[in-house]
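What follows is the residue order along each chain.
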Amino acid sequence: MISNIRTLWLVFKHAFRKRVTIQYPEEKAYLAPRYRGRIVLTRDPDGGERCVACYLCAVACPVDCIALDSAEDETGRRYPGMFRINFSRCIYCGFCEEACPTYAIQLVPDVEMAEYNRQNMVYEKEHLLIDGEGKYHGYNYYKVAGLAIGGKGKGEAENEDPPIDPRGLT
Amino acid sequence: MATIHIDGKSYDADPGKNLLQVSLSLGFDLPYFCWHPALGSVGACRQCAVRQYRNEEDKDGQIVMACMVPAADGTRISIEDEEARQFRKSVIEWLMTNHPHDCPVCDEGGECHLQDMTVMAGHAYRRFRYRKRTFTNQDLGPFINHEMNRCIQCYRCVRYYKDYAGGRDLDAFASHNHVYFGRSVDGTLESEFSGNLVEVCPTGVFTDKTLKHHYTRKWDLQSGPSVCAHCGLGCNTLAGARYGGVRRILNRYNHEVNGYFLCDRGRYGYEFVNRPSRIRHPLLHTDASDTDTLSKPESCSPEEALRQARDRLRNARRVIGIGSPRASLESNYALRAFVGEDYFFNGLPSAESHLVTLAAEILRNGSAETPSLREIEGADAVLVLGEDLTQTAPRMALAVRQSIMRAPEEKARAVGVPPWNDRAVRDVIQAERGPLIVAAVDETRLDDAATSVIYRAPDDIARFGFAVARAINADAPPVEGLSDEETDLVQRTAKTLSAAKYPVVISGVSLGNEAILQASANIAWALDREQKPVGLSFVVPEANSVGIALLDSAPLRGAFELVSSGKADAAIILENDLYRRTHALDVEKFFTGLRTVVALDSLRSPTTDRAHVVFPAGTFAESDGTFVNNEGRAQRFFQVLSPEGDVAESWRWLGRLQSGSAPSDEPRWKNLDEVLDAMAAELPDVAGAKDAAPRADFRVAGARLPRSPRRFSGRTAILANLDVHEPKPPDDPDSPLTFSMEGTAAMPPAALVSHYWAPGWNSVQALNKFQDEVGGANRGGAPGVRLIEPEKPIHSYFTKIPDAFSPHDGKFVVLGLHHIFGSEELSRHAPALAERIPEPYIAIGDADARARGVTEGRELVLRIFGREYKLPACVRPNLPRGVLGVPFGLPGLTGIVFPADGHLLE
Amino acid sequence: MNPAIQSLLLIQGVLVGLLTLAGLLVWIERRLLALWQDRLGPNRCGPFGILIFVADGIKMITKEDWIPPGADKPVFILAPAIIVITALLSFTIIPLAPGIAILDLNIGILFFLALSSMGIYSTVLGGWASNNKYSLLGGLRMSAQMFSYEVFMGLSLMGVVILSGSLNLREIVEAQSGMWFVLPQFAGFLIFMVAGLAETHRLPFDMPEAESELIAGFHTEYSSMKFGMFFVGEYVGLTVISAIIVTLFFGGWQGPFLPPFVWFALKTLFFILFFILLRAALPRPRFDQLLAWGWKFILPLALLNLVVTGAIVLARAG
């Protein structure tokens, strides 16, 4: 009984505390750089598309809201010909970012995506691709992977020996 | 049965198998690389290490490779042993030291045996800090992509390519950690079975190049159980589709038919499904009968097309139906039911129709059973009469190539080497191979494996066959006038076949020679009369050739006569390009005599261009239906994707066409089962087709079976560009399968398996879990039902022996030479496969060439039935005199009825 | 002025005033809860967000009016009306100021008790008619809760009746001119307040709706203005209980300097705010605890209070 009265008093005292409410949109909340908001596709330091259309984000997505279709340029570099995110289904869980082996797909601190028409929540690649590296700087997947693409031959990736001549005697 | 002890528990095991195979069959997850159920053991990869104990008291034991130890009675092993575990983990870690960091861009990723085994063995963190060795890749042609960096040197590729498939242009080069698998120089892989490297390679060194161009992960492919439509063998396939197109074909294991492997035509022919020349909507030709000014076809709504077709057919004097050996049994039956038995024609030229019917007749009423491909693999003596199997029935050639190991294997077994111990077997037998006798008109791709080969004109091949029958059984009709060389081979062949435990005789219809079929039947019956078990197999040209033969209908000629006599003036042509079947002039005349032509087909062809109404028929990937293969096995294929546009199965169109014209009228058949039931009631010969697969109301644990894998992605985004509100997945009234991932995860019956996956097994080798024992029968039995079983009477021999072939001066017998790539109608349209189609040529024997002074590559002009063909010469050393060959079915060479009389013009 | 017109105007005034207050309470409660939770509460709609109740009303009226297919339709529709009617009727007997009361009833307290018992039908019937297991459970809880708390609600008022010697509320107020009954009847006041809370099923006694266990209890299936009527009924009930407390224990309109009605309004408002504070601060007890507490502790306490009060009054009377 005493504790109930004490509770009443303590709660009443809260009337004179500082408010925690942030008056959005006049005031904006601070969103940490790793906040999971709008999804973007980034580019590597050389300006090439980071996405290699490996489909891992799509399979990781618990609401299946990512669809893509791979394409290849003439040098064998794979990229998504189509990349679509249905943000009306997205739950911003960030699994796609965690699954991405190339840092291509990233969630950025932007939450202002509301639309009056649900159809406008469907983003195509042109809406997703940005001209920057996003949160992760300096990483270039093809500099690590042992696959030859335009501008990078066999054995030219990090930690690789030059190609072997199978006709060599040793 | 032996009893073996694994980790202290006792299990029954087949002592004829090795411990790895037994452990996997018992459900243990033991990693392996170099072993393959079809290739046997070599113990190269050191991955399947287990600890073996000498007896119950032995506590130390020793590490052994499970794949190299027989499952002898009383064997004690431990899979869970800590040291064995560490051993397996270390081996993987070491295999991975040079593996590139490229799973995201590797086509094998997600269905990679190496990924599975790495996880299974427990290797997770890379400790190797040094640099990786790299290789350059080779261009291996349009089918196979090469990425050598990913190689783990398990040697499966060369063991498959050289030892199993008989290829010569893939090999291992260099030594130690430089070992390189490839060709000596860049270039297309020659083997017709190179596509299997995709499934044999445990990692991403060899991947499907056609898939690469529209790459989709395994988990994203909506797959369905399908049957290859590109030859008469009916190999089982898994077709995978995404975004409205078929993206690849994988092998679907059918213990009795194709086992683990497909040919490249079957694997890469699928792309015709995605061609722009596909008919997606009904077409109307306002005036197709006017040949000079062919009006452009206009697409229209299905209702409009149906209305027009109904009106036109109702006003016709008589409607005839022309079926097709490449349409399903159901579609052919639906047409037969529409036009009536007497007005249904099988769409074949008379000769081919006669031969296929004869083949079915011999198998049904003769005393010899027709073997499945597995039984051909098990034969210890094979005689091939007049077929170039690699070109006409490729997968059968691969089966024949395995049969030559059977006799030598017995020798190895005698010295205590079991057949699964591949390297040791080959060391024992060295170059010795079992009997394979080939009689052909020209070199075949099996010649290198054959113990004896003779090249003769078709009639002489038949005579050789008749003589062999006579040499086996004295009641058979004799053949006069054979040469000494021939007589010698006849005697040897007869002796070999008589001595064999299970000889198989193979012939077919590709030479268009009736006597060859009769001769092979005589041989089989002769062996049967000598109380020998024997198999008799006929090669037929198309996916449903036997099926249409069982429908028992008249050839095209009958239809032509009905039209030219004015009795009929309307025709429905089912998935058949008549211009490929017979002379263009006859076809022209036929069309001119018709007032109404209704065609159903999937691709535009000269025939559909002559039709007034064209309905878009589904390909194998968009249809449900049944094909009957060369052994009379009815096999069901199911839709892989729900069709785009108005595409539907032909039987469904025909059902709609037969309903009343009011929109509320029900079609004659609502689903596949209704067609099958009606067919079974009317035609007892094909009634068994009903049981080729479970019916549409079949359920496992009350649920349907999903076509999409459990991890199918993008469900809520694939169609979001059209409408953000997702549509309901399409219904499937024809099968127990769904067009989504909804349904049970339980093991389906073999006929309904749409993808191979098991926990921890993402690669194609998850198949292990779908077999009774690894490498053995499908769980619940192989899919399909055999419609032909011989009645076993003693059949009287064929006695009409042709005269020896003698070349006439200036007049040649022209034969159609089949090509695996190009001779088949549909696969020809697949871009990758089209790259392998040969340029047209005229094959001429060395003797004739010399007599006429023809050199390789010279332009020859050949006149057949008044048409002249101007093509370069191709001089063949073994082609008999008086015989010419032109490639069968290539563009520009269609409509010739082989064998034809031809004249070479100077 | 014609007394009939006069009383009609009064009725009109009370009705409008009460309903407006009920609406305003929506806003007041939300703002106050926010205040005690370090938030701001609704502050966008109108000055200080006061028009939020208009917006709420519009929203409520325009929502789909859904009646579940298995529901007992007439009962389902009637139920929310009962609570509003009984709550409003209860207010008729309350003297707002000297001479200003809709009804000067000589059995005022009995009338109030009778009507508050009637109000239970609303929730019980609403819960039953919805044909929903959560609603039914909510209705059952409501009946058990009312059955338990009604007993000592009446008993707790008997002290006041003994002291004042009347059931007429006006006379009770007048009897407090010397001393508010809260002093001699402190126990009675506490008991009545608890019982009143339970009666209006306000937090912490909102077990009949207990959204964490029963979705929304008896009004799970209610939507649109039917739900709104439950809402309004709850706030009117809150006002009634506050007004009765003020009338019985805190001298009604009595007070120095300010006009009597203002005193009445201020006192009533104080209790309303106090109830909101209770809601902000106290957790919901377990249902069996609630019943046990009622039967085993408060009921004896109420009886004791009655006996002691009676004894003292008798002793004084000598």
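None of the values given here were measured: they were computed from a predicted structure.

**Regarding the overall build of chain C**
- Counting secondary structure elements, chain C contains 11 helices and zero strands.
- Secondary structure elements of chain C occur, N-terminal to C-terminal, as α-α-α-α-α-α-α-α-α-α-α.
- Projected onto the principal axes, the alpha-carbon positions of chain C cover approximately 65 × 50 × 45 Å.
- Looking at chain C as a whole, 51% of its 318 residues qualify as buried.
- Of the contacts made within chain C by residues no fewer than 6 positions apart, 77% connect residues no fewer than 24 positions apart.
- Of the accessible surface of chain C, which amounts to about 14300 Å², a share of 73% is contributed by carbon and sulfur atoms.

**Brief notes about the sheet that holds strand 23 (residues 570-574) of chain B**
Residue and element names in this part refer to chain B.
- Spatial strand order, 15-14-25-24-23-16-17: seven strands in an open sheet with mixed pairing. Two strands bound the open sheet, and with one partner strand each, they are strand 15 (298-299) and strand 17 (344-345).
- Direction of pairing for strand 14 (residues 283-284) relative to strand 25 (residues 613-616): antiparallel, over a ladder of two bridges. Bridge pairing in strand 25 places Leu284 opposite Val613.
- Each of strand 16 (319-322) and strand 17 is contacted by helix 20 (residues 556-564), which is oriented at about 160° to strand 16, the strand it contacts most.
- Docked against the sheet, helix 22 (residues 584-592) engages strand 16, strand 23 and strand 24 (596-601), running at close to 130° with respect to strand 23.

**Side note on the sheet that holds strand 21 (residues 503-508) of chain B**
All names here are of chain B.
- Ordered by their spatial adjacency, five strands build an open sheet running 20-19-18-21-22, and the pairing between neighbours is parallel. Of all the strands in the sheet, the pair left with one neighbour each is strand 20 (452-455) and strand 22 (535-539). Between one strand axis and the next, the sheet turns by 10° as a mean value, whatever way the strands run.
- Across five bridges, the pairing between strand 18 (residues 381-385) and strand 21 is parallel. Counterpart to Ala381 in the pairing with strand 21 is Pro503.

**A few points about the packing of helix 1 (residues 3-36) of chain C against helix 9 (residues 224-249) of chain C**
Residue and element names in this part refer to chain C.
- In contact at an axis separation of 9 Å, helix 1 and helix 9 are set at 95° when each is read in the N-to-C sense. What the angle tells us is that helix 1 and helix 9 run roughly perpendicular. Taking contact as the criterion, the partners of Leu18, Leu19, Leu21, Ala22, Leu25, Val26 and Glu29 in helix 1 are, on helix 9, Phe231, Val232, Tyr235, Val236, Leu238 and Thr239.
- A per-class count over the contact of helix 1 with helix 9 returns 11 nonpolar, one polar and one charged.

**As for the pairing of strand 16 of chain B**
All names here are of chain B.
- Side chains Val319 and Gly321 project from strand 16 onto one buried face, and the interleaved Ile320 and Ile322 project onto a second face that is buried too.
- In terms of strand pairing, strand 16 meets strand 23 through four bridges, oriented parallel. Across the sheet, the residue bridging to Val319 is Ala570, located in strand 23.
- As paired elements, strand 16 and strand 17 share two bridges and run parallel to each other.

**Observations concerning the interface of chain B and chain A**
- With 54 residues of chain B in contact, the opposing surface of chain A contributes 44 residues.
- Both sides together, the interface formed by chain B and chain A hides about 3900 Å², and carbon and sulfur atoms give 50% of it.
- Where chain B meets chain A, there are seven salt bridges.
- For Arg89(A), the salt bridge identified is with Glu726(B), shortest N-O distance 2.5 Å.

**Examining unusual backbone geometry**
- Between Tyr24(A) and the following residue, Pro25(A), the backbone shows a cis peptide bond with an omega angle of 5°.
- With respect to the helices and strands, Pro25(A) occurs in the loop between helix 1 (2-13) and strand 1 (39-41).
- With omega at -10°, the peptide bond leading from Phe898(B) into Pro899(B) counts as cis.
- Among the structural elements, Pro899(B) can be located in the loop between strand 35 (883-887) and strand 36 (900-905).

Cut-offs applied
- Residues numbered from 1 in each chain as written.
- Chains lettered and ligands numbered in written order.
- Predicted model: local features only at pLDDT ≥ 70, side-chain atom pairs only at ≥ 80, totals over all residues.
- Heavy atoms only, no water.
- Helix = DSSP H or I, 4+ residues; strand = E, 2+ residues; numbered from the N terminus.
- Buried < 20%, exposed > 50% of the residue type's maximum accessible area, 1.4 Å probe, protein only.
- Contact = heavy atoms within 4.5 Å.
- Areas by Shrake-Rupley, 256 points an atom, 1.4 Å probe, with all protein chains shown as cover.
- Pairing = 2+ DSSP bridges.
- Axes fitted to C-alpha atoms, helices over the stretch in contact; angles between N-to-C directions.
- Parallel < 35°, antiparallel > 145°, perpendicular 65-115°, else oblique.
- Nonpolar A, V, L, I, M, F, W, Y, C, P; charged D, E, K, R; others polar.
- Buried area = accessible area lost by both parts, 1.4 Å probe.
- Salt bridge = Lys/Arg side-chain N within 4 Å of Asp/Glu carboxyl O.

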